[in-house]
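Okay, here's what each chain looks like letter by letter:
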Amino acid sequence: MPLPPGKTVPMNERPTNEIRLSVVIPTYNKAMRIAATLGSIASYLSKKPFASEIVVVDDGSADGTADAARAALASYAGGIGSKVIRREENRGKGAAVKEGVLAAAGAAVLFTDDDLSTPIEECDKLLAALEAGADAAIGSRALAASEIRVRQRRPREWMGKAFNLLVRLLLIKGYPDTQCGFKAFRRETARSVFSRLRTEGFAFDVEVLVLCRELGYRVAQIPVVWSDERPSRVRILRGSWGMLRELGRIRRVYGPVRRGA
């Protein structure tokens, strides 16, 4: 359940051995790219005054992504722990994020896309929201202060807007952007929410926010910098149909639309 008022996630206290931040990266067939992503994240974490860890979840890649991630992480030191989880079959982004979040040990848990379409430095904003008392902090591309440096192609942007409209009509109001792959949680919040998560595909973010609502967690929406990193793994027609089916299942489980936390 939510932390008592005034209880925060301390990120700037004196250094201890306790892991303060876990960064979870779900990935699939990114052997040629994952080292650069992990290098950026490790560089960011190495400048922090607290212990941290990187958790990579390879969702059944066929190109040696897990091995590439292990090789990259082996070269980093300085208070950054690491885990690489290799799934035998491709189950979907939601399933990968769930496994990574539940394996994370940090007082705060961030998951981010493997292309870093939101720069890892934006994590500072989300951590500040957790420190201020939020149970979860989600990056949003749809707020007035958000900075979109490279827009999606128009068909994909239109599909995203249509999807969000359906989310607001069918499931949960108050979130103009549910799908930004940059979200942070207190450890207790993360475990409570993700242990209940059932959606294995790309619509899992919606169920995460519905669960936050059902469990009474406080969610802060944070404007972030974002750039479209092409190509995307989401195929417009096939991916959209799968996400629509997932929305239908989420509605059957949790009922009609209500406002978010």
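Keep in mind it's a predicted model, so treat the numbers as computed, not measured.

**Regarding the overall build of the chain**
Here's step 1: The helix and strand inventory of the chain stands at 8 helices and 11 strands.
Here's step 2: Burial statistics for the chain: of 261 residues in total, 52% are counted as buried.
Here's step 3: Taken as a whole, the chain presents about 11800 Å² of accessible surface, with 54% of it coming from carbon and sulfur.

**Remarks on the packing of aromatic side chains**
Here's step 1: For the structure on display, the rule yields 4 aromatic pairs.
Here's step 2: Between Phe 111 and Phe 185, the aromatic rings sit 6.3 Å apart at their centres with planes inclined by 20°, giving stacked as the arrangement. Of this pair, Phe 111 sits in strand 4 (residues 108-112) while Phe 185 sits in strand 8 (residues 182-186), placing them 74 residues apart in sequence. Phe 185 shares its class with Phe 111; the two are buried.

**Considering the nonpolar core**
Here's step 1: Core analysis: the biggest nonpolar cluster contains 37 residues, and Val 193, Phe 194 and Val 206 have the highest contact counts within it.
Here's step 2: Breaking this core down by element, the ones donating at least two residues are strand 2 (51-59), helix 3 (93-103), strand 4, strand 5 (136-140), helix 5 (154-170), helix 6 (187-194), helix 7 (204-215) and helix 8 (236-254).
Here's step 3: If one sorts the elements of this core by residue count, helix 7 sits on top with 8 residues.
Here's step 4: If you look at the next biggest cluster of nonpolar residues, it comprises 36 residues, including Leu 21, Val 23, Leu 45 and Leu 116.

**Focus: helix 4 (residues 123-131)**
Here's step 1: Buried within helix 4 are the following residues: Cys 123, Leu 126, Leu 127, Ala 129 and Leu 130. Taken around the axis of helix 4, the buried residues stretch over an arc of 155°, which confines them to a single face.
Here's step 2: Its buried side turned inward, helix 4 meets strand 1 (19-27), helix 1 (34-46), strand 4, strand 5, strand 8 and strand 9 (219-223).
Here's step 3: Backbone geometry just downstream of helix 4 places Gly 133 in the positive-phi region, at approximately 125°.

**Section: the packing of helix 6 against helix 7**
Here's step 1: The N-to-C vectors of helix 6 and helix 7 enclose an angle of 110°; their axes lie 9 Å apart at closest approach. On the basis of their axis angle, the class for helix 6 and helix 7 is roughly perpendicular. Taken as a pair, helix 6 and helix 7 cross one another with a handedness that is right-handed. The segment helix 6 lies against helix 7, with Ser 192, Val 193 and Phe 194 engaging Phe 204, Val 208, Leu 211, Cys 212 and Leu 215.
Here's step 2: Residues belonging to the contact of helix 6 with helix 7 are distributed by class as follows: 7 nonpolar, 1 polar and no charged.

**Focus: helix 5**
Here's step 1: Taking 1.5 Å of rise per residue, 17 residues should cover 24 Å, and helix 5 covers 24 Å from first to last C-alpha, within 8% of that figure.
Here's step 2: Within the span of helix 5, buried status applies to Glu 157, Phe 163, Asn 164 and Val 167. One face of helix 5 carries all of its buried residues, which in axial projection span an arc of 120°. Those residues of helix 5 that are exposed and aimed more than 90 degrees away from the buried face are Arg 154, Trp 158, Lys 161 and Leu 169.

**Describing the sheet that holds strand 9**
Here's step 1: Pairing in this open sheet of 7 strands is mixed, and the strands run 3-2-1-4-8-5-9 from one edge to the other. The sheet is open, and its two edges are formed by strand 3 (80-87) and strand 9, each paired on a single side. Each strand of the sheet is rotated relative to its neighbour by a mean of 20°, with strand direction disregarded.
Here's step 2: Where strand 5 lies against strand 9, 5 bridges are found, and the strand directions are parallel. Following the sheet pairing, Ala 137 is matched in strand 9 by Ala 220.
Here's step 3: Strands in contact with helix 1 are strand 1, strand 2, strand 3 and strand 4; relative to strand 2, the strand with the most contacts, it is inclined by about 165°.
Here's step 4: On top of the sheet, helix 4 reaches strand 1, strand 4, strand 5, strand 8 and strand 9; it is set at about 30° to strand 8, its chief contact.

**Description of the side chain of Asp 59**
Here's step 1: As for its placement among the helices and strands, Asp 59 is situated in strand 2.
Here's step 2: Asp 59 sits in the buried class, given a relative accessible area of 3%.
Here's step 3: Excluding residues that lie within four positions of it along the chain, Asp 59 makes contacts with Thr 27, Tyr 28, Arg 87, Glu 89, Asn 90, Arg 91, Gly 92, Lys 93 and Ala 96.

**What to know about the pattern of salt bridges**
When the charged atoms of two side chains lie near each other, side chains of opposite charge can form a pair.
Here's step 1: Applying the stated rule across the entire model yields 21 salt bridges.
Here's step 2: The shortest N-O distance in the salt bridge between Arg 151 and Glu 157 comes to 3.0 Å.
Here's step 3: Across the pair Glu 214 and Arg 213 runs a salt bridge, and its minimum N-O distance is 2.9 Å.
Here's step 4: The class for Arg 213 is buried, based on a relative accessible area of 10%.

So, how was this worked out
Residues numbered from 1 in each chain as written. Predicted model: local features only at pLDDT ≥ 70, side-chain atom pairs only at ≥ 80, totals over all residues. Heavy atoms only, no water. Helix = DSSP H or I, 4+ residues; strand = E, 2+ residues; numbered from the N terminus. Buried < 20%, exposed > 50% of the residue type's maximum accessible area, 1.4 Å probe, protein only. Areas by Shrake-Rupley, 256 points an atom, 1.4 Å probe, with all protein chains shown as cover. Phe/Tyr/Trp six-rings, centres within 6.5 Å; stacked < 30°, edge-to-face > 60°. Core = buried A, V, L, I, M, F, W, Y, C linked by side-chain atoms within 4.5 Å. Arc of directions from axis to C-beta. Contact = heavy atoms within 4.5 Å. Axes fitted to C-alpha atoms, helices over the stretch in contact; angles between N-to-C directions. Parallel < 35°, antiparallel > 145°, perpendicular 65-115°, else oblique. Left-handed = near helix turned anticlockwise from the far one by under 90°. Nonpolar A, V, L, I, M, F, W, Y, C, P; charged D, E, K, R; others polar. Expected span 1.5 Å × (residues − 1). Pairing = 2+ DSSP bridges. Salt bridge = Lys/Arg side-chain N within 4 Å of Asp/Glu carboxyl O.

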